[in-house]
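Structure at a glance
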Amino acid sequence: MAEALGDLEWQAGHSALSIGHYQRAIDAMLRSAGERSLDVARLRSSLGWVLNEQAQLHAARTQLQLALDTSSALVGPDHPSLVSIWKGLAAVASDLGDTPAAVQAAERGLAIVRQSNPGSVDSLFPLLGNLITYLVNDGRPQEAEKYLKEAEALLERSEPKLPACDGALMVCLPSRFFGGELVASSRGSVELFRWGNEI
């Protein structure tokens, strides 16, 4: 019940309220299943993401690291379910200003996706975009360039070829963002992109 309430509060945009629900769910799960449980790891991962949204970065990192340790021990270090945790650890590290750790976590998540789902644009593209941003923030634009070329090639292979389509636009922002709008114009056409809570 506490987990469901946490999920509902988080989805409704009330992440601060979801923290207590997730913590109660974790406490109950620890009593019944113990620390070595994928359910506990999943809850810790959710709590880590919520804590990050609330700028409780050190607590977020702790919860995500506990989730990673438990999950890795139970399903192995290369399991696709770990990608979300690595992505969360990268985001927290970036928000803490620890760009080397952000790069390392993003590279690890990317390596898992490449191994488990190598041709998936939906899986690879967001990870590449995040990694490019972290590398640039870490003062390594030359390394970022190789990943940018990979992202461009991935889009080129996956995009349907439409007569009115000149190409794709990839936006790499220097940090995480919440909400906002992007205005893009080309040849007199103007598009407004509205983002919710995206990374």
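That block above? That's the structure.
Keep in mind the model is a prediction, meaning the values are calculated, not measured.

Reading the values: rules and limits
Residues numbered from 1 in each chain as written. Predicted model: local features only at pLDDT ≥ 70, side-chain atom pairs only at ≥ 80, totals over all residues. Heavy atoms only, no water. Helix = DSSP H or I, 4+ residues; strand = E, 2+ residues; numbered from the N terminus. Buried < 20%, exposed > 50% of the residue type's maximum accessible area, 1.4 Å probe, protein only. Contact = heavy atoms within 4.5 Å. Areas by Shrake-Rupley, 256 points an atom, 1.4 Å probe, with all protein chains shown as cover. Patch = residues over 30% accessible without salt bridge, like charges linked within 9 Å, V, L, I, M, F, W, Y side chains within 5 Å. Salt bridge = Lys/Arg side-chain N within 4 Å of Asp/Glu carboxyl O. Axes fitted to C-alpha atoms, helices over the stretch in contact; angles between N-to-C directions. Parallel < 35°, antiparallel > 145°, perpendicular 65-115°, else oblique. Left-handed = near helix turned anticlockwise from the far one by under 90°. Nonpolar A, V, L, I, M, F, W, Y, C, P; charged D, E, K, R; others polar.

1. Topic: the overall build of the protein
- When helices and strands are counted, the protein shows eight helices and two strands.
- Tracing the protein from N to C terminus, the helices and strands come up as α-α-α-α-α-α-α-α-β-β.
- Out of the 199 residues belonging to the protein, those deemed buried represent 36%.
- Of the contacts made within the protein by residues no fewer than 6 positions apart, 48% connect residues no fewer than 24 positions apart.
- Total accessible area on the protein is roughly 10900 Å²; 54% of this is exposed by carbon and sulfur atoms.

2. Structural notes on unusual backbone geometry
- For A55, which is not a glycine, the phi torsion comes out positive at approximately 60°.
- Here A55 shows up in the loop between α3 (38-53) and α4 (57-75).
- Residue A55 is classed as exposed on the basis of its relative accessible area, which comes to 58%.

3. Remarks on a nonpolar patch on the surface
- A contiguous nonpolar patch, built from M1, L5 and L8 and spanning about 350 Å² of accessible area, is present on the exposed surface.
- One can find M1 in the segment before α1 (2-11).

4. Points about the pattern of salt bridges
- In this structure the tally under the stated criterion is eight salt bridges.
- Close ionic contact of E143 with R140 constitutes a salt bridge, the shortest N to O distance being 2.9 Å.
- Salt bridges sharing common partners tie together D138, R140 and E143.

5. Here we look at the environment of W10
- Its place among the elements puts W10 in helix α1.
- Between the alpha carbons of W10 and L47 there is a distance of 9.9 Å; along the sequence they are 37 residues apart.
- Leave out the neighbours within four places in its chain, and W10 touches S15, S18, Y22, S46, W49, V50 and E53.

6. Focus on the packing of α4 against helix α5 (residues 83-95)
- Direction vectors running N to C along α4 and α5 enclose 155°, while the axes themselves pass 9 Å from each other. With respect to each other, α4 and α5 are oriented roughly antiparallel. With respect to the hand of their crossing, α4 and α5 are arranged in left-handed fashion. Of α5, the residues touching α4 (which contributes L57, A60, R61, L64, Q65, A67, L68 and S71) are I85, W86, G88, L89, V92, A93 and D95.
- The residue inventory of the contact of α4 with α5, partitioned by class, reads 10 nonpolar, three polar and two charged.

7. Some words on the side chain of R44
- Relative to the assigned elements, R44 resides in helix α3.
- Apart from the residues within four sequence positions on either side, R44 is in contact with I26, L30, E35, Q63, L64, L66 and A67.

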